[in-house]
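Residue-level listing of the chains:
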Amino acid sequence: MKPLELLSFGHFIAFVLPGIVAARALAYLVPSLQRAFTALEGASSEAAGPIFLVTLAALTIGLTLNTVRREVVDPILNRVGPKRERLDYSLLTAEKHERFKDALEGVYRPYEFSANMALALLLLCVARAAWGPPQAGLGSSVTIGAGVLGVLMLVVSFSQLRETYRVLSKILQSASTTSVPPTKDVPIELGSPSSQARPPSVTIENPK
């Protein structure tokens, strides 16, 4: 992984923003986080410390949410609906590499954001209902809205994941001037940013 890759715009959208929502949910259980959010909401002149704490918590929790999503949500979504596309990484030639990376940013990052944010919103809904003040209970419009929006984003993420498989499969199977020996198809593994940045290497045969 390149230095500071996790601070790229795509990773910020996919991990940090859902992490902020999830951190706000956990603030009902963690007093230090609650104080940090209170300081930020009050526009305190000494906000550098709270900003650092919230940012660090958001990144940590966002990456944790992403792991849960990859290990729990992805397998569930892959079992629902039509059979998903399978990707043959041996077809990833050098000329397709940039298109493949662009497609990851264009279709897979939005899926990561939607699915991670769905988990964060559902966590916020549960945290407000279970540990929030009386006015933030299950009858609160904010609590209900967070739960409904979380479910809707989870539904949206399903179609985004299917689109990701479709687009990446199309890129891999597109016509190429370089022939590559066919190999057995393998399921897509998109969880790790490092694995996305460095797809499996392929052996290219020189034409005789």
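Residues numbered from 1 in each chain as written. Predicted model: local features only at pLDDT ≥ 70, side-chain atom pairs only at ≥ 80, totals over all residues. Heavy atoms only, no water.

Evaluation of the coordinates by the stated rule reveals 1 aromatic pair. Aromatic pair Tyr108 and Tyr111: ring centres 5.8 Å apart, planes at 35°, arrangement tilted. With a gap of 3 residues between them, Tyr108 and Tyr111 both fall in helix H4 (residues 94–131), about one helical turn apart. Here the two residues Tyr108 and Tyr111 agree in accessibility, since each one is buried. We note Arg24 situated over the ring of Tyr28; from NZ or CZ to the ring centre the distance is 5.3 Å. When the ring centre of Phe37 is taken as origin, the NZ or CZ atom of Arg24, which lies over that ring, is 5.1 Å away. (Phe/Tyr/Trp six-rings, centres within 6.5 Å; stacked < 30°, edge-to-face > 60°. Helix = DSSP H or I, 4+ residues; strand = E, 2+ residues; numbered from the N terminus. Buried < 20%, exposed > 50% of the residue type's maximum accessible area, 1.4 Å probe, protein only. Lys NZ or Arg CZ within 6 Å of the ring centre and 35° of its normal.)

Counting residues in hydrophobic clusters, the biggest one holds 41 residues, and the most contacted among them are Phe100 and Tyr111. Listed by contribution, the elements that provide at least two residues to this core are helix H1 (9–26), helix H2 (31–41), helix H3 (48–78), H4 and helix H5 (141–173). With 15 residues, H4 is the largest single contributor of residues to this core. (Core = buried A, V, L, I, M, F, W, Y, C linked by side-chain atoms within 4.5 Å.)

Turning next to the packing of H1 against H3. Contact geometry for H1 and H3: axes closest at 7 Å, N-to-C directions at 105°. With respect to their mutual orientation, H1 and H3 come out roughly perpendicular. Contacts between H1 and H3 involve Phe15, Val16, Pro18, Gly19, Ile20, Ala22, Ala23 and Leu26 from the former and Ala57, Ala58, Leu59, Ile61, Gly62, Leu63, Leu65 and Asn66 from the latter. Broken down by class, the residue content of the contact of H1 with H3 amounts to 13 nonpolar, 3 polar and no charged. (Axes fitted to C-alpha atoms, helices over the stretch in contact; angles between N-to-C directions. Parallel < 35°, antiparallel > 145°, perpendicular 65-115°, else oblique. Contact = heavy atoms within 4.5 Å. Nonpolar A, V, L, I, M, F, W, Y, C, P; charged D, E, K, R; others polar.)

Glancing now at H3. The α-helix winds at 3.6 residues per turn, so residues separated by three or four positions along the chain end up facing the same way. The end-to-end C-alpha distance of H3, which contains 31 residues, comes to 42 Å, matching closely the 45 Å that a straight helix rising 1.5 Å per residue would cover. Of all the bends in H3, the greatest measures close to 40° and is centred on Arg69. (Expected span 1.5 Å × (residues − 1). Bend = angle between axes of the 7 residues up to and from the residue.)

Tallying each qualifying case throughout the model produces 7 salt bridges. Note that Arg69 and Asp74 form a salt bridge whose closest N and O atoms lie 2.8 Å from each other. Arg69 gets classed as buried once you look at its relative accessible area, which sits at 0%. Of the residues examined, Asp74 reaches a relative accessible area of 9% and is grouped as buried. Close ionic contact of Glu112 with Arg69 constitutes a salt bridge, the shortest N to O distance being 3.2 Å. Separated by 43 residues along the polypeptide, Glu112 in helix H4 and Arg69 in helix H3 bring together distant segments of the chain. Across this residue pair, the class does not change: Glu112 and Arg69 are buried. Beyond isolated ion pairs, a larger network of salt bridges with shared partners links Arg69, Asp74, Glu105, Arg109 and Glu112. (Salt bridge = Lys/Arg side-chain N within 4 Å of Asp/Glu carboxyl O.)

The next subject is the confidence of the model for the protein chain. Note that predicted coordinates carrying low pLDDT should not be read in detail. Confidence in the prediction of the protein chain, expressed as mean pLDDT, is 79, and 76% of residues score 70 or more. Across residues 176–188, confidence stays below pLDDT 50; counting only partners more than four residues off in sequence or on other chains, it has 31 contacts. Every residue in residues 191–208 scores below 50 in pLDDT, and together they form 33 contacts with partners more than four places removed in sequence or on other chains. (pLDDT = per-residue confidence, 0-100.)

Looking now at a nonpolar patch on the surface. The grouping of Leu29, Val30, Val126 and Trp131 at the surface amounts to a nonpolar patch, some 360 Å² of accessible area in total. With respect to the element layout, Leu29 can be found in the loop between H1 and H2. The exposure class of Leu29 is partly exposed, given its relative accessible area of 45%. (Patch = residues over 30% accessible without salt bridge, like charges linked within 9 Å, V, L, I, M, F, W, Y side chains within 5 Å. Areas by Shrake-Rupley, 256 points an atom, 1.4 Å probe, with all protein chains shown as cover.)

Attention shifts here to the packing of H2 against H3. Direction vectors running N to C along H2 and H3 enclose 125°, while the axes themselves pass 9 Å from each other. With respect to H3, the element H2 is oriented oblique. Note on packing geometry: the crossing formed by H2 with H3 is left-handed. For the pair H2 and H3, contact is made by Ser32, Leu33, Ala36, Phe37, Ala39 and Leu40 and by Pro50, Ile51, Leu53, Val54 and Ala57, respectively. (Left-handed = near helix turned anticlockwise from the far one by under 90°.)

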